[in-house]
Number of protein chains: 2
Amino acid sequence: MKIGIYGYGNLGRGVEAAMKYHTDCELVAVFTRRDPAAVKTAGTPVYSAESILDFKDKIDVLILCGGSATDLPRMTHTLAEHFNVIDSYDTHATIPAHFARVDEAAAKSGHIAMISGGWDPGLFSIARLYASSVLPEGKDYTFWGRGVSQGHSDAIRRIEGVLDARQYTVPVPEALDAVRSGSMPELTTRQKHTRECYVVAEEGADLARIESEIKNMPNYFADYDTTVNFITLDELRANHSALPHGGSVIRSGKTGLSGEHNHTVEFSLALDSNPEFTSSVLVACARAIDRMYRRGMTGCKTIFDIAPADLSPLSPEELRAHML
Amino acid sequence: MKIGIYGYGNLGRGVEAAMKYHTDCELVAVFTRRDPAAVKTAGTPVYSAESILDFKDKIDVLILCGGSATDLPRMTHTLAEHFNVIDSYDTHATIPAHFARVDEAAAKSGHIAMISGGWDPGLFSIARLYASSVLPEGKDYTFWGRGVSQGHSDAIRRIEGVLDARQYTVPVPEALDAVRSGSMPELTTRQKHTRECYVVAEEGADLARIESEIKNMPNYFADYDTTVNFITLDELRANHSALPHGGSVIRSGKTGLSGEHNHTVEFSLALDSNPEFTSSVLVACARAIDRMYRRGMTGCKTIFDIAPADLSPLSPEELRAHML
């Protein structure tokens, strides 16, 4: 299977690194909207995004490594006119609109597209779907972290006097324990997660004002117990340069003629590198949509539409013999 | 969707109870090889297994609730000649032979069949498949328990002087911790699980001999640290009549250009009632194979072949809007 990477940030680098492990894939090219000469890959040839149509017959699946805020809403449906594509669109509220746009383009051009690959949306969505299908009467909980939230880190960086920042989302251990016990607690936003901020301020900046602006920022921090730690740039680089993440999807549900039995289903991730894990999911999904395309399927899909067997390089016979 | 239950033990009772929650299903009949008058259901009409062919046009999916040792190897392919069927065949080593037998019968009769639904094989298999497809370089671990193993309980009951017994499989906490840490330890059978036995002996039986026979039983107990507790029949009934189970599938894997990042993926179940949870999985899978049959699919399938969306009563639009 011939793969192209469109966009070369953390996610694109992750897809390139994943090729070492997904040995049935061949990485053909990285496409960038920057000057190709300025993009240093781990060895993959780099081309200008403008030359992408020259590769129409050389790529089976194009993995789109742009951001959900501004890149993917313009990128995915446009490229689905010419390629089989996959993205990691993660703005939950606007997934239906994104799906409709991409489905129309892919169906018209006779290509297949998959949106919202990764782990949330992605593997976490799958965990929610399996658990709720098996246990219709129950309650779902999603906890994120401990991990770096790029969106919250960016929000802190936009505050006047802040040079750099890193924000960790941390699940509250007592809330996790209560959910795992099957007691199905009602939990507020504040009871589920805390937020830890590591902030590098400009020399002479008003630290009290920065801390107050962070803690009172609506949507991002105001509804959480937030701690703010001011550190040096050297400390940030030494101790907070990784991008770990993870979390848990937990469903508690009931069975029995009078609901007398409780069950807890949990899916958890502990990730050293959020972008590399997300990339690895995208590569497995690319394998699946390439197979589905060869069977004649077109239009937009999500991970809900992919039969698990199609994600694996193993044959159905091998899967039944060794993994069932 | 019209459901029939074939075989009315713990699993069949579980399917009947699951109908309370899976409200898009209608339970038409229970079929038994015993005298129907002697089978007390929670309200479902009971018919002799001999009359099953009278129901050919009245049932969309027949859920086979027999055992893997002797029932299902004769039952599933025979009934697949006349019905869409699903079973929970769980003898891992002979799944390929069972699959081949059922596939031939179902393909020939134009029906769809699914084998090995439940949680292991079943949801645990799915967890192994997703995790290994995303992280090809890594190591899988499966822990079972704390839970009742019916096979091990039966093995104890066959010892001379034993009236009744209940065996719990218990994961070793230190082994679980080591695996969750991502250290990818090599673990022996003995290091992963212990076995706890609660045994009711006949009056005057030689307890030392019974204990020794249990602890030295090949395959079942000899490779484990086993504890044997002699209790009264009243204690067994009061404290050990439930059928809890569960466990964890954990994969640790690497990503990065030089394998520098570790990731841990875990899927865990804590079940008050093993048969009721297994039944609930079977009902969700029955929904999926009914849909697949209506699309023209025939032959034998496993949970690997089922797109997750087909398990849910929700529409694809609802799933994308609320669960992705």
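Shown above is the structure to which this text applies.
In what follows, the accompanying structure is described. (Residues numbered from 1 in each chain as written. Chains lettered and ligands numbered in written order. Predicted model: local features only at pLDDT ≥ 70, side-chain atom pairs only at ≥ 80, totals over all residues. Heavy atoms only, no water.)

## Overview of the pairing of strand 11 (residues 225–230) of chain B
Two elements, strand 10 (residues 193–201) of chain B and strand 11 of chain B, share six bridges in a ladder whose sense is parallel. Bridge pairing links Cys197 of chain B to Val228 of chain B in strand 11 of chain B. (Pairing = 2+ DSSP bridges. Helix = DSSP H or I, 4+ residues; strand = E, 2+ residues; numbered from the N terminus.)

## What about unusual backbone geometry?
At the junction of Asp120 of chain A and Pro121 of chain A, the peptide bond is cis and its omega measures out at 5 degrees in the coordinates. Inspection of the secondary structure puts Pro121 of chain A in the loop between strand 6 (112–114) and helix 4 (123–134). Looking along the chain, the bond that leaves Gly145 of chain B and enters Arg146 of chain B is cis, with omega of 0 degrees. Looking at the secondary structure, you find Arg146 of chain B in the loop between strand 7 (138–144) and strand 8 (147–148). Backbone geometry places Ser116 of chain A, a non-glycine residue, at a positive phi of 65 degrees. Within the secondary structure, Ser116 of chain A sits in the loop between strand 6 and helix 4. On the basis of relative accessibility, which here comes to 0%, the residue Ser116 of chain A falls in the buried class. In this model, Asn219 of chain A sits at a positive phi of 70 degrees, which is unusual for a non-glycine residue. Among the structural elements, Asn219 of chain A can be located in the loop between helix 8 (207–215) and strand 11 (225–230). Residue class for Asn219 of chain A comes out exposed when judged on its relative accessible area of 66%. (Buried < 20%, exposed > 50% of the residue type's maximum accessible area, 1.4 Å probe, protein only.)

## As for the relation of the copies chain A and chain B
When chain A is fitted to chain B, the residual RMSD is 0.0 Å, and the transformation amounts to a turn of 180 degrees plus an axial shift of 0.0 Å. Read as a symmetry element, the transformation amounts to a two-fold axis. (Least-squares fit on C-alpha atoms with pLDDT ≥ 70 in both.)

## Overview of the sheet that holds strand 7 of chain B
Each strand in a sheet pairs with its neighbour through backbone hydrogen bonds, running either in the same direction (parallel) or in the opposite one (antiparallel). Taken in spatial order, the six strands make up an open sheet running 7(A)-12(A)-13(A)-13(B)-12(B)-7(B), and their pairing is antiparallel. Lying at the two open borders of the sheet, with one neighbouring strand each, are strand 7 (138–144) of chain A together with strand 7 of chain B. Averaged over neighbouring strand pairs, the angle between their axes works out to 10 degrees when direction is ignored. Inspection of the sheet shows strand 7 of chain B paired to strand 12 (residues 245–255) of chain B by seven bridges, in the antiparallel sense. Paired with Gly138 of chain B across the strands is Gly253 of chain B, a residue of strand 12 of chain B. This element, helix 10 (residues 274–294) of chain A, spans strand 12 (245–255) and strand 13 (261–271) of chain A together with strand 12 and strand 13 (261–271) of chain B of the sheet and lies at about 70 degrees to strand 13 of chain B. (Axes fitted to C-alpha atoms, helices over the stretch in contact; angles between N-to-C directions. Contact = heavy atoms within 4.5 Å.)

## Section: the packing of aromatic side chains
Going through the model one piece at a time under the given rule, you end up with twelve aromatic pairs over all chains. Relative to Tyr198 of chain A, the ring of Tyr168 of chain A lies with its centre 5.7 Å away and its plane at 85 degrees, an arrangement referred to as edge-to-face. Within this pair, whereas Tyr168 of chain A is found in strand 9 (residues 162–171), its partner Tyr198 of chain A is found in strand 10 (residues 193–201), the two being separated by 30 residues in sequence. Here the two residues Tyr168 of chain A and Tyr198 of chain A agree in accessibility, since each one is buried. Centroid distance Trp119 of chain B to Phe124 of chain B: 5.2 Å. Interplanar angle 80 degrees. Geometry classified as edge-to-face. For the pair Trp119 of chain B and Phe124 of chain B, a shared accessibility class is recorded, and that class is buried. Through pairs of rings, three or more aromatic residues link up here, namely Phe31, Tyr47 and Phe55 of chain A. For the cation-ring pair, Lys58 of chain B lies above Phe55 of chain B, with the distance from its terminal atom to the ring centre recorded as 5.3 Å. (Phe/Tyr/Trp six-rings, centres within 6.5 Å; stacked < 30°, edge-to-face > 60°. Lys NZ or Arg CZ within 6 Å of the ring centre and 35° of its normal.)

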